[in-house]
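Listed here are the chains, written in short residue letters.
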Amino acid sequence: MQAATEFRVTAEEAASLGRVAVIMGGDSAERPVSLKSGDAVLSALQRAGVDAFGIDLYGEQGDQCPIAQLQAQPIDRAFLILHGRGGEDGVIQGVLEMLRIPYTGSGVEASALGMDKLRSKQLFVGAGLPTAPFAVLASADRLDEAEQRLGYPMMIKPAHEGSSIGMSKVRDRDQLDRAFGEAVRFDRSVIAEQWISGAEFTVAVLDGEALPVIRLETPHEFYDYDAKYQANDTRYLFEHGLEPEREAELRKLAIEAFEVVGCRGWGRIDVMQDDAGRFYLLEVNTAPGMTDHSLVPMAAQRAGIGFGELAVRILKGAG
Ligand SMILES: Nc1ncnc2c1ncn2[C@@H]1O[C@H](COP(=O)(O)OP(=O)(O)O)[C@@H](O)[C@H]1O
Ligand SMILES: [Mg+2]
């Protein structure tokens, strides 16, 4: 990105940020995405003049225990760019709390809640925020009930995965049985959601404010792993087609979801709209992708914040 090469912190800022560890990798299913995000963040911080280095958790140096990796050299603050379990769910956040290293993004509790789609939805419901009707599939015995309550089509998802891993759209009982079998391979906690058939949006949040709304369009059945990372026919639109009041409503909803989960610093909220135009929260992402073509950097760029400045702002929010 052009702007990234131009953004520099002052010498005083660099000194007050200290020695920064960009923590990436991890051992979740999203490890490859995290490594890409981590590389992009690390080089942007270095180009901006921050004294940053990378730690690939469970990576090549990872014959050590991950905590030993964190203790191998002094760290003044951590830029956490691990996705998925172990990195986005409060576990590493708890370790950093114990080591007294300030880190970017949400704390232990919000990270754990944000990673759990079921608990997040329960919070949304409790706070009166809209989310798709759902059923908890504690075991295969619960499929009948889900079928009756939600009807078809339905979305089946593991509660603690990301990147659309283990998710399927189902239209009948046969597909439901198979989708449950697939999702349960990833997680003991599986949920069924009523299918929402309208537009999809994502709203990045930075320092308590919503960045420009992005509308996602894919010819795929939904925004699946391939549409996210491989396909070149996924479209990211700032011309989202929402009236100004609806856009304001969507931004407000994103901030409310961020706050209800107790998030800090930055994040990204996924939302869908039904055919009648009503919004439904899908999830909050507490450590979303930060490759140079990920959604948060895209939204920031639209707001005039280049990748380097974005990385530094997230870093400054560490606590
Ligand atoms: N209830 C639903 N109805 C229709 N599509 C859905 C529904 N839930 C999720 N999706 C689709 O699946 C994608 C991934 O779902 P999401 O809940 O955001 O999980 P992930 O953590 O994998 O991103 C969404 O971006 C959306 O395209
Ligand atoms: Mg999502």
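This is a predicted model, so every value here is computed, not measured. (Residues numbered from 1 in each chain as written. Chains lettered and ligands numbered in written order. Predicted model: local features only at pLDDT ≥ 70, side-chain atom pairs only at ≥ 80, totals over all residues. Heavy atoms only, no water.)

What to know about unusual backbone geometry
Residue Pro153 is bonded to the preceding Tyr152 through a cis peptide linkage, with omega at -10 degrees. Inspection of the secondary structure assignment puts Pro153 in the loop between α8 (143-150) and β5 (154-158). Even without being glycine, Tyr58 reaches a positive phi, approximately 65 degrees. Notably, Asp207 is not glycine yet its phi reads approximately 50 degrees, a positive angle. Position of Asp207 among the secondary structure elements: in the loop between β8 (200-206) and β9 (209-210). Residue classification places Asp207 among the partly exposed residues on the basis of a relative accessible area of 40%. (Helix = DSSP H or I, 4+ residues; strand = E, 2+ residues; numbered from the N terminus. Buried < 20%, exposed > 50% of the residue type's maximum accessible area, 1.4 Å probe, protein only.)

Structural notes on the site of ligand 1
Taken together, 20 residues lie near ligand 1, and Lys157, Ser164, Glu193, Glu200 and Lys228 sit nearest. The contact in question runs from a nitrogen atom of ligand 1 to an N or O atom on the side chain of Glu193, over 2.7 Å. Contact distances for ligand 1 include 2.9 Å between a nitrogen atom and a backbone N or O atom of Gln194. Protein burial of ligand 1: of its 540 Å² of free accessible surface, 98% is covered by the chains. Tallied by class, the residues present in the shell around ligand 1 amount to eight nonpolar, four polar and eight charged. (Near = heavy atom within 4 Å. Polar contact = N/O pair within 3.5 Å; in protein donor to acceptor, adjacent residues only side chain to side chain. Areas by Shrake-Rupley, 256 points an atom, 1.4 Å probe, with all protein chains shown as cover. Nonpolar A, V, L, I, M, F, W, Y, C, P; charged D, E, K, R; others polar.)

Observations concerning the coordination of the magnesium ion (ligand 2)
Taken together, Asp270 (OD) and Glu283 (OE) make up the full set of protein donors to the magnesium ion (ligand 2), lying 1.9 to 2.1 Å away. One end of the pair, Asp270, is in strand β12 (residues 266-273); the other, Glu283, is in strand β13 (residues 279-285), and 13 residues separate them in sequence. Per residue, the accessibility class of Asp270 equals that of Glu283, and both read buried. (Donors = N, O, S within 2.8 Å, 3.2 Å for Na, K, Ca; no water.)

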